[in-house]
Amino acid sequence: MAGELHTVEQAAERLKLHPKTVLRMIRDGRLKAVRLGKAYRIAGADLDAAAGVARIEARESPDRATVIADFGDLSPDTAQRLAGTLTGMLGNPAARRAPITVETAYDPGLRRLKVVASGSPEDTSALLGSAAFLLTAWR
């Protein structure tokens, strides 16, 4: 339906509205339409948007992974250093195919750092693998 053009009557039927309501929506700017002579034509994608139908491409998203890593027996300085390094490793978000986020929380009583990474499975795996490698080198 997204590539087709529809008349006001067809749009009204699809939206289950009166044709005058569809015309009012067009005139108010709530529904995009092109005027051809005395008649309007509404693109299928605009009609879907007005009906609240999400585009299929928008619904399809790449695989995502959310991973919680719990690193133990860390001094406050080491935990802070690791948290800063992980954040710095994210680099430029514009250069990434998919966004990745990292959140950290340090418990000084237990001397544990929790790292929550969310992104593509490959990116989260690489990030947490780097964290484990760094901690092995720093200990």
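Quantities reported herein were computed from a predicted structural model and do not represent experimental measurements.

Chemist: Before we move on, can you summarise the sheet that holds strand β2 (residues 34-36) with the specific residues and values?
Modeler: Pairing in this open sheet of 3 strands is antiparallel, and the strands run β1-β3-β2 from one edge to the other. Two strands bound the open sheet, and with one partner strand each, they are β1 (5-6) and β2. In terms of strand pairing, β2 meets strand β3 (residues 39-43) through 3 bridges, oriented antiparallel. Residue pairing in the sheet places R35 in a bridge with Y40 of β3.

Chemist: Go over helix α5 (residues 76-89), please, and point to the residues and values.
Modeler: Over its 14 residues, α5 runs 20 Å from end to end, which matches the ideal 20 Å to within 8%, given 1.5 Å per residue. Burial in α5 covers these residues: A79, L82, A83 and L86. Viewed along the axis of α5, the buried residues span an arc of 100 degrees, placing them on a single side of the element. Opposite the buried face of α5, at more than 90 degrees from it, the exposed residues are D77, Q80 and G88. Those residues of α5 hidden inside the fold are in contact with β4 (65-71), β5 (101-107), β6 (112-119) and α6 (121-138). Downstream of α5 by a residue or two, G91 has a phi angle that is positive, lying close to 65 degrees.

Chemist: Tell me about the pairing of β3, and name the residues and values.
Modeler: Side chains Y40 and I42 project from β3 onto a buried face, and the interleaved A39, R41 and A43 project onto a face without burial. As paired elements, β1 and β3 share 2 bridges and run antiparallel to each other. From the neighbouring strand, L5 faces β3, where its bridge partner is A43.

Chemist: Before we move on, can you summarise unusual backbone geometry with the specific residues and values?
Modeler: We note that D73 has phi near 55 degrees; this positive angle belongs to a residue other than glycine. Examined against the element boundaries, D73 turns out to sit in the loop between β4 and α5. A residue is classified by how much of its surface remains accessible, and D73, at 59% relative accessible area, is exposed. Unusually for a residue other than glycine, R111 sits at a positive phi of about 55 degrees. Relative to the helices and strands, R111 is located in the loop between β5 and β6. A residue is classified by how much of its surface remains accessible, and R111, at 35% relative accessible area, is partly exposed.

Chemist: Hey, could you go over the sheet that holds β5 for me, with residue numbers and the actual values?
Modeler: Spatially, the 3 strands line up as an open sheet ordered β4-β6-β5, and their pairing is antiparallel. Looking at the sheet topology across the chains shown, the edges are occupied by β4 and β5. Averaged over all pairs of adjacent strands, the angle between strand axes in this sheet comes to 15 degrees, irrespective of strand direction. Relative to β6, β4 runs antiparallel, the two sharing 7 bridges. Paired with T66 across the bridge in β6 is S118. The strands that α5 touches are β4, β5 and β6; relative to β5, the one it contacts most, it runs at about 175 degrees. Across the sheet, α6 is in contact with β4, β5 and β6; its angle to β4 comes to roughly 10 degrees.

Definitions and cut-offs
- Numbers given to residues run from 1 along each chain, matching the order in which its sequence is written.
- Totals for whole chains, interfaces and linings use all residues, but because this is a predicted model, local features are given only for residues with pLDDT of at least 70 and pairs of side-chain atoms are given and counted only at 80 or more.
- Values shown for side chains rest on all heavy atoms present in the structure; no hydrogens or waters enter the calculation.
- Two strands are counted as paired when DSSP detects at least two bridges linking them.
- Under the DSSP-based scheme used, a helix requires at least four consecutive residues in state H or I and a strand at least two consecutive residues in state E, with every element numbered from the N terminus.
- A helix is expected to span 1.5 Å multiplied by its residue count minus one.
- Per-residue accessibility, obtained with a 1.4 Å probe over protein chains only, is compared with the maximum for each type, and a residue is labelled buried under 20%, exposed over 50%, and partly exposed between these values.
- When we speak of the arc, we mean the arc of directions from the helix axis to the C-beta atoms.
- Throughout, a contact is declared for two residues whenever any of their heavy atoms are within 4.5 Å.
- In this analysis an axis means a line fitted to C-alpha atoms, helices contributing only their contacting stretch, and an angle means the value between N-to-C directions, from 0 to 180 degrees.

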